[in-house]
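Listed below are the residues making up each chain.
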Amino acid sequence: MKKQHFIANAWSAASEGESIPVIDPSNGCSLGEIARGSRRDVDAAVAAARAAIGETFDGPWGRLSACQRGRVMYRFAQSIIAHAAELAELEACDTGKSTKTARADAAALARYFEYYAGACDKLHGETLPYEAGYMVMTVREPHGVTAHIVPWNYPMQIFGRTVAASLAAGNACVVKPAEDASLSLLRLAELAAEAGFAPGALNVVTGYGHEAGAWLTAHAGIDHISFTGSTVTGRLVAEAAARRHCPVTLELGGKSPQIVFDDADLDAALPAIVNAIVQNAGQTCSAGSRLLVQRSVYEKLLDALADRFRTLQSGPPALDLDMGPLVNRRQYEQVKAILARAEADGIRVMMRGRIHPQATSSGFYQEAVLLRDVPHEHSIAQEEIFGPVLAAMPFDDEEEAVRLANGTDYGLVAGVWTRDGARQLRVARKLRCGQVFVNNYGAAGGVELPFGGVKSSGHGREKGFEALLGFTVLKTIAVRHG
Ligand code: NDP
């Protein structure tokens, strides 16, 4: 398998003829190669997107009515549903996620396109009361060409939540997938062309982040950047955007707490706590990677968790176990090194899961790990790991719980488990993060629910109607009619 870029509804060979190997994380073997994007490839994709929009929104994509855009997007959503099994299989091979997780990602992707297809013609400005003799209105216009830097952990979902919102608002898109996870997005671009998107409305350029990604985010033809990934790269992207005063949305992950009070329904909390850290082998920006438990129920909950962790299995994606392998060797070695450092610092491993016997030793498998009594200040309780590692610690009262929960550089998501209604709201209001889930974690994904962070977790909102607003520019028109 040898994949090219997808630009203006056609396959396009790498202008410098170079490629990047695609590695199967379940066995470390080669799956084929993707094009290594050059400056010229990025230029071609941006030019195609600009042509689709047109100088004054008069290009083949820019001039469509909102209703027409919505119809194309809805056709694409139907095509995603029809090709869900194929897309899920591609994603599972490429990223190592279990096929059931990949299928769920394909379903979520279709939902994003359905949701935003329906939203196209509900996006409108306002008329504003003003002085006599004036009629003042606001209109919501697209930015123009938007760049989308998509990471490897949820390629289809992140493509769905940023690209669908951008297209619905009338922008044309250039997408740079992670070099470890480009296959599904290339196939999606092809399906989009078949669904009727105008040439250039949606382009995918593959390549390395420090090359194609950096060139795209610095490109003068880009009017908005949407980035999901690490805090370090997010800073580089924000700097590139600032040089051109280009608006940017950053979704940079987290160290999200699950707070369990002593009146919580522990039977309901336990599976949600486990799922929030083993989902996608912990490679999830909103992973519930810190567990804060009120001291009086700490031992009881940890014993029950240890029983569950003992049974957790990592293995080949096709076996649909609790977890697949980590995405690549670098991520695998990084997680191992973080765990080794924690153990050297005396942090106690309470339980480990298992690696399935069918997992080959050349695959990047990491078992689930439950750590107990983790000091709040330790790096393992402060830094994103992106692996199936849960750091548990006790707290004494509500004030301490809030202080610990807010006590990292991140602020993406939090879970609160308590039956006390007043405390649910009090704590939810005090948490510094973008989403709070009470007596659940994640609300089953919810494409309708605005998502994003504060502090080092980034800024701007994805998902829901809020994301759509972020992909528009508000223009005020004041008419003096006397
Ligand atoms: P990066 O932030 O480096 O990569 C995220 C995306 O940015 C990828 O598409 C990458 O492309 C691209 N990229 C890399 N460098 C640049 C650049 N200079 N300009 C523009 N785009 C660039 O994350 P990593 O993949 O290196 O993962 C490291 C850590 O980041 C993880 O361990 C995890 O903690 C965190 N992370 C968080 C994610 C989230 O959902 N918030 C998602 C992924 C990672 P390419 O991969 O081709 O280099």
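Everything quoted here is computed from the prediction, not taken from an experiment.

Here we come to the site of the ligand. Around the ligand, a shell composed of 30 residues is seen, among which Trp152, Glu179, Ser230, Arg330 and Glu384 lie nearest. In the environment of the ligand, an oxygen atom lies 2.8 Å from a nitrogen or oxygen atom belonging to the backbone of valine 150. One of the side-chain N or O atoms of tryptophan 152 is found 2.7 Å from an oxygen atom in the ligand. Coverage of the ligand by the protein chains reaches 90% of its 860 Å² of free accessible surface. In this structure, the ligand is accommodated by the largest pocket. Mapped by element, the contributors of at least two residues to the shell around the ligand are α7 (209-217), β11 (224-228), α8 (231-243) and α11 (329-344). For the shell around the ligand, the element with the most residues is α7, which contributes four residues. Classifying every residue of the shell around the ligand gives 13 nonpolar, twelve polar and five charged. Two domains each donate at least three residues to the shell around the ligand, and these are domain 1 (2-252 + 458-480) and domain 2 (257-446).

Our next topic: the nonpolar core. Counting residues in each nonpolar core, the largest one holds 78 residues, and the members touching the most others are Met73, Phe76, Phe113, Tyr116, Phe159 and Leu188. The element that contributes the greatest number of residues to this core is helix α4 (residues 99-119), accounting for ten residues. Ignoring sequence-local partners within four residues, the contact set of phenylalanine 159 consists of Phe76, Leu109, Phe113, Val150, Ala164, Val175, Leu185, Leu188 and Leu202.

What follows covers the layout of surface pockets. Taken as a whole, the largest pocket spans an internal volume of roughly 1,300 Å³. If you trace the largest pocket, you find 50 residues lining it, with Trp152, Gly229, Ser230, Thr233 and Arg330 closest to the centre. Ranked by residue count, the leading element in the lining of the largest pocket is α8, at eight residues. Composition of the lining of the largest pocket by domain shows at least three residues from each of domain 1 (2-252 + 458-480) and domain 2 (257-446). Taken as a whole, the second largest pocket encloses approximately 980 Å³ of empty space. Counting only elements with at least two residues in the lining of the second largest pocket, the list comes to α4, α5 (155-168), α9 (266-278) and β21 (435-438). Looking at the lining of the second largest pocket residue by residue, the classes come out as 25 nonpolar, 17 polar and seven charged. Each of domain 1 (2-252 + 458-480) and domain 2 (257-446) contributes no fewer than three residues to the lining of the second largest pocket.

Rules used throughout
- Residues numbered from 1 in each chain as written.
- Predicted model: local features only at pLDDT ≥ 70, side-chain atom pairs only at ≥ 80, totals over all residues.
- Heavy atoms only, no water.
- Near = heavy atom within 4 Å.
- Polar contact = N/O pair within 3.5 Å; in protein donor to acceptor, adjacent residues only side chain to side chain.
- Areas by Shrake-Rupley, 256 points an atom, 1.4 Å probe, with all protein chains shown as cover.
- 1 Å grid on protein atoms, 1.4 Å probe; cavity = no way out; pocket = protein on both sides within 12 Å on 5 of 7 lines; lining within 4 Å.
- Sits in = over half its atoms within 2 Å of the grid points.
- Helix = DSSP H or I, 4+ residues; strand = E, 2+ residues; numbered from the N terminus.
- Nonpolar A, V, L, I, M, F, W, Y, C, P; charged D, E, K, R; others polar.
- Domains from an automatic or database assignment.
- Core = buried A, V, L, I, M, F, W, Y, C linked by side-chain atoms within 4.5 Å.
- Buried < 20%, exposed > 50% of the residue type's maximum accessible area, 1.4 Å probe, protein only.
- Contact = heavy atoms within 4.5 Å.
- Points joined across faces, edges and corners; volume = space filled by probe spheres on them.

Read these as geometric descriptors, not functional statements.
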